[in-house]
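Each chain, written out:
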Amino acid sequence: LVMIFLNGGNDGLNTVVPFEDPIYYQKRTTVNIKKEEVLKLNSTLGLHPSMTGLRKLYNEAKLCVVNNVGYASPNRS
C-alpha cells in the first residue's frame with residue numbers, strides 16, 4: 001500500500017475532477033478542467049490531464065482513488 005497525502009495547496013477538485021457535476025463548472029469558472037481534457041476514471045470522475053502516469057497505473061489496476069477522505073484535527077492549510 002502506498003498512500004499519497006498531498007498537504008497544503010493541493011486542489012483536490014482539480015486532481016480528481018468531478019467532470020459530470022455542473023456545480024463544479026459553475027463555481028470554478030476560471031480554474032476548471034475541461035471535460036474533454038479529463039483523464040476519465042469512470043462515468044463521473046477523472047484525473048487532471050497531466051496525471052498520465054497515475055492513469056496508467058489505474059488502468060493496470062495498480063492504483064485506486066479514494067475520494068473525499070479526511071482526517072481528525074485538520075489544520076485547514
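Heads up: these notes are all about the structure in this document. Bear in mind that the values here come from a model prediction, so they are computed numbers and not experimental data.

Some details on the side chain of Thr 15
Here Thr 15 lies in helix α1 (residues 12-15). Residues within four places of Thr 15 in sequence aside, it is in contact with Asn 10, Gly 46, Leu 47, His 48 and Met 51.

Considerations on the packing of aromatic side chains
With the rule as written, the count across this model stands at one aromatic pair. Plain terms: the ring middles of Tyr 24 and Tyr 25 are 4.8 Å apart, the flat faces sit at 80° to each other, and that makes the pair edge-to-face. By relative accessible area, which is 23% here, Tyr 25 ends up partly exposed.

Remarks on the environment of Thr 29
Mapping Thr 29 onto the fold places it in the loop between α2 (22-27) and β2 (39-40). Placed 35 residues apart in sequence, Thr 29 and Cys 64 show a C-alpha to C-alpha distance of 28 Å.

So, the environment of Asn 42
If you trace the backbone, Asn 42 turns up in the loop between β2 and β3 (46-47). From its side chain, Asn 42 meets the backbone nitrogen of Thr 44 in a polar contact 2.8 Å long. A distance of 2.8 Å separates a polar atom in the side chain of Asn 42 from the backbone nitrogen of Leu 45.

Conventions used here
Residues numbered from 1 in each chain as written. Predicted model: local features only at pLDDT ≥ 70, side-chain atom pairs only at ≥ 80, totals over all residues. Heavy atoms only, no water. Helix = DSSP H or I, 4+ residues; strand = E, 2+ residues; numbered from the N terminus. Contact = heavy atoms within 4.5 Å. Phe/Tyr/Trp six-rings, centres within 6.5 Å; stacked < 30°, edge-to-face > 60°. Buried < 20%, exposed > 50% of the residue type's maximum accessible area, 1.4 Å probe, protein only. Polar contact = N/O pair within 3.5 Å; in protein donor to acceptor, adjacent residues only side chain to side chain.

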